[in-house]
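Residue-level structural notes
Here's the letter readout for the chains.
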Amino acid sequence: MIQLTVIFGFLLLIILYFVMGFMFREGFGPGTFINGIYCTGKSVEQVNEELKMQYGKDSFSVQDAYGHVYIISFEEIGLKIDYFGQLSVIQSGQNPFLWIINIFDFRYRTLSPQIQPDETMLAEALENCGIYRDNERTEKVEIQLEQGYVLKDGTKDVLDEAVLKNTVIEALSVGITEIDASSCYVDLPYTEEMMRTMTLWEKVDAFQNCGIVYDMGDTLISLTPDIVAGWITTTKEGDFLLDEKGDLVLREEGMKEFLDALCAEYNTYGIHTFHSTRGELITIEGGIYGNEIDIEAEEIYLKQAFLDGVEEVHVPAYIHEAYVRGKDDIGDTYVEVDMTAQKLYYYEDGELLLETDVVTGNTGRKMGTPEGVNYVYAMQRNRILRGPGYASFVKYWMPVNGNIGLHDASWRREFGGEIYMSNGSHGCINLPSDVAPKLYEMLEIGVPVVMFY
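Residues numbered from 1 in each chain as written. Predicted model: local features only at pLDDT ≥ 70, side-chain atom pairs only at ≥ 80, totals over all residues. Heavy atoms only, no water.

So, on to the side chain of Asp-329. Along the chain, Asp-329 falls in the loop between strand E19 (318-320) and strand E20 (334-338). Arg-325 provides the closest opposite charge to the buried, salt-bridge-free Asp-329, at an N-O distance of 11 Å. In this structure the side chain of Asp-329 is engaged in a polar contact, spanning 3.0 Å, whose partner is the side chain of His-272. With residues up to four places along the chain from it excluded, the contact list for Asp-329 reads Thr-268, His-272, Tyr-289, Gly-290, Asn-291, Ala-322 and Val-324. (Helix = DSSP H or I, 4+ residues; strand = E, 2+ residues; numbered from the N terminus. Buried < 20%, exposed > 50% of the residue type's maximum accessible area, 1.4 Å probe, protein only. Lys, Arg positive; Asp, Glu negative; His and termini not counted. Salt bridge = Lys/Arg side-chain N within 4 Å of Asp/Glu carboxyl O. Polar contact = N/O pair within 3.5 Å; in protein donor to acceptor, adjacent residues only side chain to side chain. Contact = heavy atoms within 4.5 Å.)

A full pass over the atoms with the stated rule returns one cavity of 30 Å³ or more. If you add up the space inside the largest cavity, you get close to 30 Å³. Along the walls of the largest cavity sit Met-216, Tyr-266, Asn-291, Ile-293, Tyr-318 and Gly-326, which together make up its complete lining. (1 Å grid on protein atoms, 1.4 Å probe; cavity = no way out; pocket = protein on both sides within 12 Å on 5 of 7 lines; lining within 4 Å. Points joined across faces, edges and corners; volume = space filled by probe spheres on them.)

Our next topic: the nonpolar core. Side chains of nonpolar character tend, in soluble globular proteins, to be buried together. By size, the foremost hydrophobic cluster in this structure holds 36 residues, and its most contacted members are Phe-60, Leu-87, Leu-164 and Leu-172. Contributions of two or more residues to this core are made by helix H2 (44-55), strand E3 (59-63), strand E4 (69-73), helix H3 (84-92), helix H5 (119-128), helix H6 (131-134) and helix H7 (161-173). Looking at which element gives the most residues to this core, the answer is H7, with five residues. With sequence-adjacent residues up to four places away left out, Phe-60 is seen in contact with Tyr-70, Ile-71, Ile-72, Phe-74, Ile-77, Leu-122, Val-168, Leu-172, Thr-177 and Ile-179. Counting 30 residues, the second-largest nonpolar core is a separate cluster that includes Cys-210, Met-216, Trp-231 and Tyr-318. (Core = buried A, V, L, I, M, F, W, Y, C linked by side-chain atoms within 4.5 Å.)

There is about 470 Å³ of room inside the largest pocket. Lining the largest pocket are 23 residues, and of these Tyr-390, Ser-425, His-426, Gly-427 and Cys-428 sit closest to its centre. Mapped by element, the contributors of at least two residues to the lining of the largest pocket are strand E24 (380-387), strand E25 (390-401) and strand E26 (404-408). In terms of residue count, the dominant contributor to the lining of the largest pocket is E24 (four residues). Within the lining of the largest pocket, the residues separate by chemical class into eight nonpolar, 11 polar and four charged. Forming the walls of the second largest pocket are 16 residues, and the residues nearest its centre are Glu-136, Thr-138, Asp-153, Gly-154 and Lys-156. Looking at the lining of the second largest pocket residue by residue, the class counts come to four nonpolar, three polar and nine charged. (Nonpolar A, V, L, I, M, F, W, Y, C, P; charged D, E, K, R; others polar.)

With that out of the way, let us pick up the packing of aromatic side chains. Applying the stated criterion to the full structure yields 14 aromatic pairs. Taking 6.5 Å as the distance between ring centres and 20° as the angle between the ring planes, the aromatic pair formed by Phe-60 and Phe-74 counts as stacked. Of the two residues, Phe-60 is situated in strand E3 and Phe-74 in the loop between E4 and strand E5 (80-82); the sequence distance between them amounts to 14 residues. Each member of the pair, Phe-60 as well as Phe-74, carries the same accessibility label: buried. (Phe/Tyr/Trp six-rings, centres within 6.5 Å; stacked < 30°, edge-to-face > 60°.)

A few words on the pairing of E20. Summarising burial for E20: five of the five residues are buried, a large majority. A two-sided burial pattern is seen for E20, the buried positions comprising Tyr-334, Glu-336 and Asp-338 on one face and Val-335 and Val-337 on the other. Bridge count between E20 and strand E21 (residues 343-348): five bridges; the pairing is antiparallel. Along E21, the bridge assignment pairs Asp-338 with Lys-343. In textbook terms, the turn of a hairpin is the stretch between consecutive antiparallel strands, and for E20 and E21 this stretch comprises four residues, one of which, Gln-342, has a positive phi near 55°. Direction of pairing for E20 relative to strand E28 (residues 448-452): parallel, over a ladder of four bridges. Bridge pairing in E28 links Val-335 to Val-449. (Pairing = 2+ DSSP bridges.)

Let us look at the sheet that holds strand E11 (residues 178-180). With mixed pairing, three strands are arranged side by side in an open sheet as E4-E3-E11. Looking at which strands have only one partner, the edges of the open sheet turn out to be E4 and E11. When strand polarity is set aside, the average angle formed by the axes of neighbouring strands in this sheet is 25°. Bridging between E3 and E11 involves three bridges; their strand directions are parallel. Note that in E11 the partner of Ser-61 across the bridge is Glu-178. (Axes fitted to C-alpha atoms, helices over the stretch in contact; angles between N-to-C directions.)

Moving on, we get to a negative patch on the surface. The grouping of Asp-218, Asp-328, Asp-332, Asp-349 and Glu-351 at the surface amounts to a negative patch. Along the chain, Asp-328 falls in the loop between E19 and E20. (Patch = residues over 30% accessible without salt bridge, like charges linked within 9 Å, V, L, I, M, F, W, Y side chains within 5 Å. Areas by Shrake-Rupley, 256 points an atom, 1.4 Å probe, with all protein chains shown as cover. Charge placed at Lys NZ, Arg CZ, Asp CG, Glu CD.)

Time to look at the side chain of Asn-374. Within the secondary structure, Asn-374 sits in strand E23 (residues 372-375). Take Asn-374: its relative accessible area is 1%, and that puts it in the buried class. At a separation of 3.0 Å, a polar atom in the side chain of Asn-374 contacts the main-chain amide nitrogen of Ile-288. Once residues within four sequence positions are removed from consideration, Asn-374 is found in contact with Gly-287, Ile-288, Tyr-289, Val-400, Asn-401, Val-447, Pro-448, Val-449 and Met-451.

See the structure below:
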């Protein structure tokens, strides 16, 4: 009886084993995991649907070489996600009647979906997303005037539509949905016309890259392409004019325009704007102090230096050169004579070192000291000042404009106030006897003297 029971049990196990084998013929065997999904007993169709749901993405992105990102939905390109073919291969490779072995041998697999977009819809979606608009392909080589002349080479780094489309298809086919398009740019070959433009550009580029730098005292002005471009002669149509040697023609009028503008900005001779000690911003006309560029000398220099290809820092020639070159030629060391306040101030390196009352020209007798920015052009001790009806001995003489200067006035006992209106000087600036030697020791020839009412 026991033997029959054992035999019956054994046959039953065999029957159950083969029944389980037949069951696994239509599904995956025990111990099968795909992309983390437990597949045992499930059909290919069931697992395919689960994997598609697990994928979770419904769009992809393309980033161009400039960092712009474009999002395109799978629906726009008719894209279908499918694992069916790969699952069928895995399932058909399993022996359903060896299922018991798999119980002790778990199989973990990772699959990427098979993705195939509609190529016509993909091309249209790429067009609509704006990537071609933002990466416009001109396919031209042109010389344009911007900040100087620049070369617009539309043959470099052109986004190739066919390469981009294939790159997207290849990426999607292996499950990549963040696509870098930087490898989809190509350089187009030059045509003969483009080659001629490139040859011309070499001449333009060499012409406008000048090595001359103007030293204006407080700043350096490089003759950059935006300046020198105006020196190239062009026709009415805007084409470059070439001489019989095929070289660009210098437009001398453009060079003169530059120098005129330089003079207008940096010539200070005859008019100044000054921040006075009394707190007012004053415009002062007249005087013998200031910078005045010798434009004729500069025209000669600049033309020859430019044609010779000179590279140097150049200090312009001056008809009048101030103690300080630049727009602020008064600087921070100067004498200030406020003739309304009858005050003199001496500043050195921006620090007020001396302040005193003075007496200036007699305005009641029409001998008022003239306004203007002047400078100390000489310094002399023990001098007799002579004029119509007078001869005055001074110990310290500091002329600033013709026979007008700063000097001690030992004959005066009072300074400042309104003395100048009725008992002023013949035009000079009278200093107290104890102040004149101090100022004389501080000054040097060339220091500006700002005189105003």
